[in-house]
Each structure stands twice: as C-alpha cells, then as structure tokens.
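A closer look at the structure
This is what each chain is made of:
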Amino acid sequence: MSLHACGINPPLDLSPQQRELKPQGTLDFPCAGYAEHYAPGPGHSLPWHWHAEFEVIHILSGQLTVETPGAQYHLDEGDCIAVNAGVLHSANTATACEIRSLVFSQSLVTGGKDTVFAKKYITPLAGCRAFRAYVFDRQAEAGAIAAFVEAYRALEAEPDGYEFTVRARLSEVCLALRRRFAAELSAKAPRPNLDEARVQLMLTFIQDHFDRPLTLAEIARAAGIGERECLRCFGKTIHVPPMQYLLKYRVMQAADALLARPADSIAQVAAGCGFDNPSNFSQQFRRFYGCSPRAYRAKNAK
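Residues numbered from 1 in each chain as written. Predicted model: local features only at pLDDT ≥ 70, side-chain atom pairs only at ≥ 80, totals over all residues. Heavy atoms only, no water.

1. Quick notes on the overall build of the protein chain
- When its secondary structure is counted, the protein chain shows twelve helices and ten strands.
- With 302 residues in all, the protein chain has 49% of them scored as buried.
- Considering only intrachain contacts with a sequence separation of at least 6, the fraction spanning at least 24 residues in the protein chain is 74%.
- When the accessible surface of the protein chain is split by element, carbon and sulfur atoms take 53% of a total near 14400 Å². (Helix = DSSP H or I, 4+ residues; strand = E, 2+ residues; numbered from the N terminus. Buried < 20%, exposed > 50% of the residue type's maximum accessible area, 1.4 Å probe, protein only. Contact = heavy atoms within 4.5 Å. Areas by Shrake-Rupley, 256 points an atom, 1.4 Å probe, with all protein chains shown as cover.)

2. Re the packing of helix H6 (residues 194-209) against helix H8 (residues 227-237)
- Here H6 crosses H8 at 105 degrees, and the two axes come no closer than 9 Å. Taken together, the axes of H6 and H8 lie roughly perpendicular to each other. Residues Asp195, Glu196, Arg198, Val199, Met202, Leu203 and Ile206 of H6 form the contact with H8, whose own contacting residues are Glu229, Cys230, Arg232, Cys233, Phe234, Lys236 and Thr237.
- Per-class residue counts for the contact of H6 with H8 are seven nonpolar, one polar and six charged. (Axes fitted to C-alpha atoms, helices over the stretch in contact; angles between N-to-C directions. Parallel < 35°, antiparallel > 145°, perpendicular 65-115°, else oblique. Nonpolar A, V, L, I, M, F, W, Y, C, P; charged D, E, K, R; others polar.)

3. So, the pattern of salt bridges
- All told, the structure shown has eleven salt bridges when counted by the stated rule.
- A salt bridge links aspartate 195 to arginine 232; its shortest N-O distance comes to 2.7 Å. Note that aspartate 195 is positioned in helix H6 and arginine 232 in helix H8, a separation of 37 residues in sequence.
- Look at aspartate 195 and you get buried, because its relative accessible area is 8%.
- A relative accessible area of 34% means that arginine 232 is categorised as partly exposed.
- Salt-bridge contacts for glutamate 218 lead to arginine 212; the nearest nitrogen and oxygen are separated by 3.4 Å. (Salt bridge = Lys/Arg side-chain N within 4 Å of Asp/Glu carboxyl O.)

4. Focus: the nonpolar core
- Membership of the largest hydrophobic core comes to 40 residues, with the highest contact counts inside it found for Met202, Leu203, Cys230, Phe234, Phe281, Phe285 and Tyr289.
- With ten residues, helix H9 (residues 242-260) is the single largest residue contributor to this core.
- Setting aside its immediate chain neighbours within four residues, phenylalanine 234 contacts Val199, Met202, Leu203, Ile206, Ile219, His239, Val240, Pro241 and Pro242. (Core = buried A, V, L, I, M, F, W, Y, C linked by side-chain atoms within 4.5 Å.)

5. Here we look at helix H2 (residues 116-126)
- Along H2, the positions that sit buried rather than exposed are Ala118, Ile122, Leu125 and Ala126. Angularly, the buried residues of H2 cover 115 degrees about the axis, an arc narrow enough to put them on a single face.
- The inward-facing, buried residues of H2 contact strand S4 (54-61), helix H1 (106-110), helix H4 (162-180) and helix H5 (182-185). (Arc of directions from axis to C-beta.)

6. Observations regarding the packing of aromatic side chains
- Per the counting criterion, the structure on display carries 13 aromatic pairs.
- Judged by centre distance (5.9 Å) and plane angle (75 degrees), the ring pair of phenylalanine 29 and tyrosine 162 falls under edge-to-face. With phenylalanine 29 in the loop between strand S1 (3-4) and strand S2 (31-38) and tyrosine 162 in helix H4, this pair connects stretches of sequence that are 133 residues apart. With respect to class, phenylalanine 29 is no different from tyrosine 162; both count as buried.
- Following the ring pairs from residue to residue traces out a cluster consisting of Phe275, Phe281, Phe285, Tyr289 and Tyr296.
- Over the ring of phenylalanine 181 we find arginine 180, and its NZ or CZ is 4.7 Å from the ring centre. (Phe/Tyr/Trp six-rings, centres within 6.5 Å; stacked < 30°, edge-to-face > 60°. Lys NZ or Arg CZ within 6 Å of the ring centre and 35° of its normal.)

7. Remarks on the sheet that holds strand S5 (residues 64-68)
- Here we have four strands laid out as an open sheet, ordered S3-S8-S5-S6, and antiparallel in their pairing. Of all the strands in the sheet, the pair left with one neighbour each is strand S3 (45-49) and strand S6 (71-75). Adjacent strand axes in the sheet meet at a mean angle of 15 degrees when their direction is disregarded.
- Here S5 pairs with S6 via five bridges, running antiparallel. Bridge pairing in S6 places leucine 64 opposite leucine 75. (Pairing = 2+ DSSP bridges.)

8. Thoughts on the side chain of serine 292
- Structurally, serine 292 is set in the loop between helix H11 (278-289) and helix H12 (293-300).
- A polar atom in the side chain of serine 292 sits 3.0 Å from the backbone nitrogen of alanine 295.
- Those residues in contact with serine 292, other than ones at most four positions away along the chain, are Phe285 and Arg286. (Polar contact = N/O pair within 3.5 Å; in protein donor to acceptor, adjacent residues only side chain to side chain.)

9. A look at H9
- For H9, which comprises 19 residues, the first-to-last C-alpha distance of 27 Å matches the rise-based estimate of 27 Å (1.5 Å per residue) to within 8%.
- Summarising burial for H9: 14 of the 19 residues are buried, a large majority. (Expected span 1.5 Å × (residues − 1).)

10. Description of the side chain of glutamate 67
- Relative to the elements of secondary structure, glutamate 67 occurs in strand S5.
- With near-sequence residues (within four places) excluded, glutamate 67 lies in contact with Trp48, Gln72, Leu88, His89, Ser90 and His239.

11. Section: the environment of arginine 138
- Its location among the elements puts arginine 138 in the loop between strand S10 (133-135) and helix H3 (142-157).
- Taking the C-alpha atoms as reference points, arginine 138 and cysteine 80, separated by 58 residues in sequence, lie 8.1 Å from one another.
- For arginine 138, the contacting residues outside a window of four places in its chain are Glu77, Gly78, Asp79 and Ile145.
- Of the polar contacts made by the side chain of arginine 138, one reaches the side chain of aspartate 79; its length is 3.0 Å.

And the structure:
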C-alpha cells in the first residue's frame, strides 16, 4: 500500500540531506500518496523543508495556505498545486482541511536520466527557476487536475497494472507544467538565491540535531555565516526566527513521539526531543497544542 497519513506533519525519517524518505514510495516505484484531514493548530502545519521529489496537492475541502520564499498560495476546495523539486515550502490551515497529495521522483516519469523524457521535458522543468510552485487553472487546466485525481485513485485502489496508470497520469501533469513554463525553460536561469541556499543548510542542521542543545551560533556556522546574517536570512526567506523554528520543530517531533512511542515517559520524550526538563517541555507543548503532553497522548492514542 502506497498511501500514508500525516502528509503535513514533519516526517520522522529524514536523510542527512533532509530529503523525505517516506514519501518516495519504493526504489522500484518512487511515488507515494497522502490522505489526511486537518484541523487548525500548530500540529497541522508543515514546517519549512525541502525534498528532491515533485509534489502535487489537491484540496478536497476547506482551505490550505502553501508558502514558498517570497510567495503565498491560498488554496480553496478544488484547487491543485504543484511544488517543484528542491524548493523550500511550508503549509498550514486556518480551517478544517482535507487534502490528497502525491510525492514522486522524476525517475518515475522519465525512466532514466538519458531518455528523451528526461532531457527534453522533466530535467528542464525541474531546473526551471520560474517554476517554484504553481496553482493549476481550474478551467484551462482541468485536464491536469483530473489526471492527478485519476493517478491518486489508482494508487489508492491498486488495481492490476495501477503503476502504469499512475505513471501515465503523472506524466500528463508534468507535461501540463512543462507547457505552462515553456517560455521560461529557454531563458537564461537566474543565479541561485544565496539566502535560500543558506537557509536550506541551516534547516538541515536543525532537523539533524534538534534532539540536543543548539545555539544560534551553531546554526549560523552550518551555513558558514555569523549570527546576525543567520537572523537576516531566516527573516527574509521564511519569516521565522531560527530559534523559534527550532522550538516548534521540537514540539512537533515530540507530538509524533508521544504517539509513536507510547511506552516512553513524558520525560523520556522531552529529553529525546531536545528539551532540558519536562516542566519546560510541558509548558511549551501546552503553548502550541493547547493541552498537556499527557492529555494529547490520551486523546490521540489509537
């Protein structure tokens, strides 16, 4: 089964480069789907991150805000957004929201880096600086949205030969994107944004080391810059101070750990997520989730 829950919660399984491992599916079929219903609150937001795969999200009900550096996309029921590989992004909802998403490797569509599909279509699309995130036009590009829906349903039901359907329909989605950005593909690509590259390095460092004491100086050194420059990069790029991002990431990881490791005590979860004492952990957890860690575990335990 290639469908998962928790498509907007931060994954526990991350590579050293902060590439999400779970959404890739499997090595021989690198695509996985997410189905989830969200309510407002910090536990239902996606902290800033990036991954090496394309991602397409369809809003079944409610509203979702997807953010990339310098842009916000406010999505309503029926909207569908694609996020390019390697792009920093986050998401949150202020209403009840139900989504379906697919995260898939370029190789699923290309079949290999030396094919015409890679050289002519997908590699230029992935490298297109103009394509960071794109909301499909619900009328003009209804076919691309329908193709995504069909791909998702095939992945969900897994009938015989569903892999062919998923690959074919996602190829249609990619072709629609390629056509949309055709003019930008031939243009000279602008220089990579240095601030974003630095933030990627610092986010990677935070997410790799959130379980131990971290200082602003250490976070800054991960990108080879000073503390003031670190603060400026975070403020300009993702509008969240680094230590605030670290705190929220720790709390959200702790929320996952409370449910994933029911035998662990609250103190053990707190220590494993970088909190210096259980009292501080409980205080910060209540600030974000509106209840104690113990109450959260009891309410959400399966």
